[in-house]
Amino acid sequence: MSAGDSNLRASDEKRESATSADSVPSADAPEAFAADLPAAAPSVPLVRVEPLGRTFEAPSELTLLEAAAFAGIRLPRLCRNGTCRTCLCRVVSGEASFTIEWPGLSREEKAEGYVLTCVAVARTDLVLDVPEAELL
Ligand code: FES
């Protein structure tokens, strides 16, 4: 064995010990990698307004009326506090909830999917039927 052979062996040992000390996660431990990833951003519901055919994002901190206005869509409105019913429209699909406890809707209207956009927020993607909607 030459002096070069012992140097090679010493460097191989260093490499092996460095590899085990670095403790690279194996493919059997994907959670080790997942911990390093940023949390996925919560998805923002999308609201489609028919028959206008426009879609806008409706974050939970905005009412449907506010989110539509930010997207350049004018929905019918007047009082903006859930009493005049000018903004009454029907949810064709999806789920919304109200920002106030007693919006001006009857039990039957709620059961049929009607909402007041000035006091409603999207909980899922929605399709709204608002024939009077227009672009700002
Ligand atoms: S604008 Fe009056 S109830 Fe919505």
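Just above sits the structure.
Residues numbered from 1 in each chain as written. Predicted model: local features only at pLDDT ≥ 70, side-chain atom pairs only at ≥ 80, totals over all residues.

**A word on unusual backbone geometry**
Here is step 1 of the chain: Of the consecutive residues Glu-50 and Pro-51, the connecting peptide bond is found in the cis state with omega at 5 degrees.
Here is step 2 of the chain: Even without being a glycine, Arg-80 presents a positive backbone phi close to 65 degrees.
Here is step 3 of the chain: Taking the C-beta count within 10 Å as the criterion, Arg-80 has 16 such neighbours and is therefore assigned partly exposed.
Here is step 4 of the chain: Look at Arg-85: it is not a glycine, yet its phi comes out positive at around 75 degrees.
Here is step 5 of the chain: One can find Arg-85 in the loop between strand S3 (73–74) and strand S4 (88–93). (Buried ≥ 20, exposed ≤ 12 C-beta atoms within 10 Å, placed from the backbone. Helix = DSSP H or I, 4+ residues; strand = E, 2+ residues; numbered from the N terminus.)

**Some remarks on the sheet that holds strand S6 (residues 114–116)**
Here is step 1 of the chain: The 5 strands lie next to each other as S2-S1-S8-S4-S6, forming an open sheet whose pairing is mixed. Since the sheet does not close on itself, it has two edges, and those belong to strand S2 (54–57) and S6, each with one partner. Recorded for the sheet is a direction-independent mean angle of 35 degrees between the axes of neighbouring strands.
Here is step 2 of the chain: Strand direction decides the pairing type here: S4 and S6, joined by 3 bridges, are antiparallel. Looking at S6, one finds that Cys-89 is bridged to Val-115. (Pairing = 2+ DSSP bridges. Axes fitted to C-alpha atoms, helices over the stretch in contact; angles between N-to-C directions.)

**What to know about the environment of Arg-80**
Here is step 1 of the chain: Tracing the chain through its elements places Arg-80 in the loop between S3 and S4.
Here is step 2 of the chain: Other than its neighbours up to four places away in sequence, Arg-80 contacts Leu-65 and Cys-118. (Contact = placed C-beta atoms within 7 Å.)

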